[in-house]
Amino acid sequence: MGIEEYGGGQGPQSDVLVVTTNDIPGYRVEQVIGEVFGLTVRSRHLGSQIGAGLKSMVGGELKGLTKTLVQTRNQAMDRLVEQARARGANGVLAFRFDVTEAADVGTEVCAYGTAVVLARE
């Protein structure tokens, strides 16, 4: 896997600015729209689970699972941005991820934050 397969986040041309901070230098919050989230649940395919089980015996990174989690987080973030955009926001503050196991069949990833309308100062 190349480095581009390990990361995520927004591209430089996104119309909805997503940050982990509560404010953004150079911007003011004109309107707070409220909480937005993007949710997805992914199961691991059998081959990935068997490979992960074998790899866990000898140690090292579980690259297949890493790639799946990156894709899952990116999908959750994309859904968050879609929801923010649909509600009229151009920013999301206090962005976070929450990751949990979903009934032992997959991983639930929730991306959440506060949708806002931002204006440059």
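Everything here concerns the structure above.
Description of the structure in this document. Please read these numbers as outputs of a predicted model, since none were measured by experiment.

Quick look at the side chain of Thr-72
Relative to the assigned elements, Thr-72 resides in helix α2 (residues 63–86). Its relative accessible area of 2% is what places Thr-72 among the buried residues. Each residue touching Thr-72, except ones within four places of it in the same chain, is listed here: Thr-40, Arg-42 and Val-109.

Regarding the environment of Leu-17
Structurally, Leu-17 can be placed in strand β1 (residues 17–18). The sequence separation of Leu-17 and Leu-118 amounts to 101 residues, and the corresponding C-alpha distance is 9.0 Å. The residues contacting Leu-17, other than those within four sequence positions of it, are Gln-10, Ile-24, Tyr-27, Asn-90, Gly-91, Val-92 and Leu-118.

Notes on the nonpolar core
Val-18, Leu-80, Ala-84 and Val-92 are the most contacted members of the largest nonpolar core, which has 16 residues in total. Contributions of two or more residues to this core are made by β2 (27–43), α2, β3 (91–102) and β4 (106–120). Per-element accounting of this core gives the leading share, five residues, to α2. Residues Val-19, Ile-24, Val-116 and Leu-118 belong to the second largest nonpolar core, which totals five residues.

What to know about the sheet that holds β4
On the basis of which strands lie adjacent, the open sheet formed by four strands has the order β1-β3-β4-β2 and mixed pairing. Two strands lie at the open edges of the sheet, namely β1 and β2, each paired on one side alone. With ten bridges connecting them, β3 and β4 associate as antiparallel partners. Of the residues in β4, the one forming a bridge with Arg-96 is Tyr-112.

Points about the pattern of salt bridges
Evaluated as defined, the whole model comprises two salt bridges. Where Arg-85 meets Asp-15, a salt bridge forms, and the shortest distance between an N and an O atom there is 2.8 Å. With Arg-85 in helix α2 and Asp-15 in the segment before β1, this pair connects stretches of sequence that are 70 residues apart. Here Arg-85 falls in the partly exposed class, since its relative accessible area comes to 39%. Given a relative accessible area of 46%, Asp-15 falls into the partly exposed group. As a salt-bridge pair, Arg-28 and Glu-30 come within 3.2 Å of each other at their nearest N and O atoms. On the accessibility criterion, Arg-28 (39% relative accessible area) is partly exposed.

Conventions used here
Residues numbered from 1 in each chain as written. Predicted model: local features only at pLDDT ≥ 70, side-chain atom pairs only at ≥ 80, totals over all residues. Heavy atoms only, no water. Helix = DSSP H or I, 4+ residues; strand = E, 2+ residues; numbered from the N terminus. Buried < 20%, exposed > 50% of the residue type's maximum accessible area, 1.4 Å probe, protein only. Contact = heavy atoms within 4.5 Å. Core = buried A, V, L, I, M, F, W, Y, C linked by side-chain atoms within 4.5 Å. Pairing = 2+ DSSP bridges. Salt bridge = Lys/Arg side-chain N within 4 Å of Asp/Glu carboxyl O.

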